Amino acid sequence: VSDKACQVLDLAECVKSIHPENRWRQAADKAFLGLLGYIDEINTSLPCYQKLKEVEQAHKLSCEEKQMVSSLLSDMEKSGILHNETKRNMVVESQGTIGLLTSQYHEYLHRTEPITIPVSRADAIYAPNYSSSIKWDRISGVASLPADQRIVNEIMMYTRSPQLRKEVY
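Calculation criteria
- Residues numbered from 1 in each chain as written.
- Predicted model: local features only at pLDDT ≥ 70, side-chain atom pairs only at ≥ 80, totals over all residues.
- Heavy atoms only, no water.
- Helix = DSSP H or I, 4+ residues; strand = E, 2+ residues; numbered from the N terminus.
- Buried < 20%, exposed > 50% of the residue type's maximum accessible area, 1.4 Å probe, protein only.
- Contact = heavy atoms within 4.5 Å.
- Areas by Shrake-Rupley, 256 points an atom, 1.4 Å probe, with all protein chains shown as cover.
- Polar contact = N/O pair within 3.5 Å; in protein donor to acceptor, adjacent residues only side chain to side chain.
- Salt bridge = Lys/Arg side-chain N within 4 Å of Asp/Glu carboxyl O.

Undergrad: Help me understand the overall build of the chain, please; the structure alone is not making it clear to me.
TA: Per the secondary structure count, the chain includes 8 helices and 3 strands. The secondary structure elements of the chain, listed N-terminal to C-terminal, are α-α-α-α-α-β-α-β-β-α-α. Per-residue burial for the chain yields a buried fraction of 28% across its 169 residues. Considering only contacts within the chain whose residues lie at least 6 apart along the sequence, 60% involve residues at least 24 apart. Of the roughly 11,500 Å² of accessible surface on the chain, a fraction of 57% belongs to carbon and sulfur atoms.

Undergrad: It is not clear to me how the environment of Arg25 should be interpreted in this structure. Could you clarify?
TA: Of note, Arg25 is situated in helix H2 (residues 22–43). Residue class for Arg25 comes out buried when judged on its relative accessible area of 5%. With 10 residues separating them in the primary sequence, Arg25 and Val15 have C-alpha atoms 6.1 Å apart. A polar atom in the side chain of Arg25 sits 2.9 Å from the backbone oxygen of His19.

Undergrad: Help me understand the pattern of salt bridges in this model?
TA: Where charged atoms from two side chains of opposite charge approach closely, those side chains can pair. With the rule as written, the count across this model stands at 4 salt bridges. Residue Lys51 is joined to Glu54 by a salt bridge in which the shortest nitrogen-to-oxygen separation is 3.5 Å. Here Lys51 and its partner Glu54 are both found in helix H3 (residues 46–58), 3 residues apart, which amounts to about one turn of the helix. For Lys51, a relative accessible area of 52% translates into the label exposed. What makes Glu54 partly exposed here is its relative accessible area of 44%.

Structure follows, in C-alpha cells:
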C-alpha cells in the first residue's frame, strides 16, 4: 500500500507541477493533499506502529521485508509517532500546512497575469536572455513582463535593485 501511495503521490505531484491546464493541476493538487493527509494519519497511528514493531520482532522476515518494515518504522518515527498525542497532532498539522504552502507555491508558478513594475524602477531590470519579453509602456509608466519562472529567476539573480527583487519575488 505504501509503495502504491507513493507512486500516486509522485504522479500527482508531477501533474500539478507541469500540466498546462489549471483544472488538471487543481485536481492533482486535491488528490495529492488528500493522500498526503491520509499517509500522515497512518504515520502517526500508534496501533499501526505497535503492529509493525511486533512484526519486526516476532516474525522471520526476508531481507526485503525487513527493509520495508524498517523503512515504514523510520517514516513513522520521523512523523513523531514516539511523541505524545498532542505533539503527534502538531506534526500532522505542520505537515498539512507544509503541503498547503507547497501547493500554493506550485500554483503561483503557473500564474498567467504579468508582473508590472513602475518604469521609474524598471531600469534596474536585467534579464539579458528575456529582454524582448518585457513590454515598456511609458505613457502609463509601467513595464510588464510575463510571470514566466525563467524570466523571474533571471531577474532575481541579476537585477541590481534589492527592492525590485523583493517586488518580483
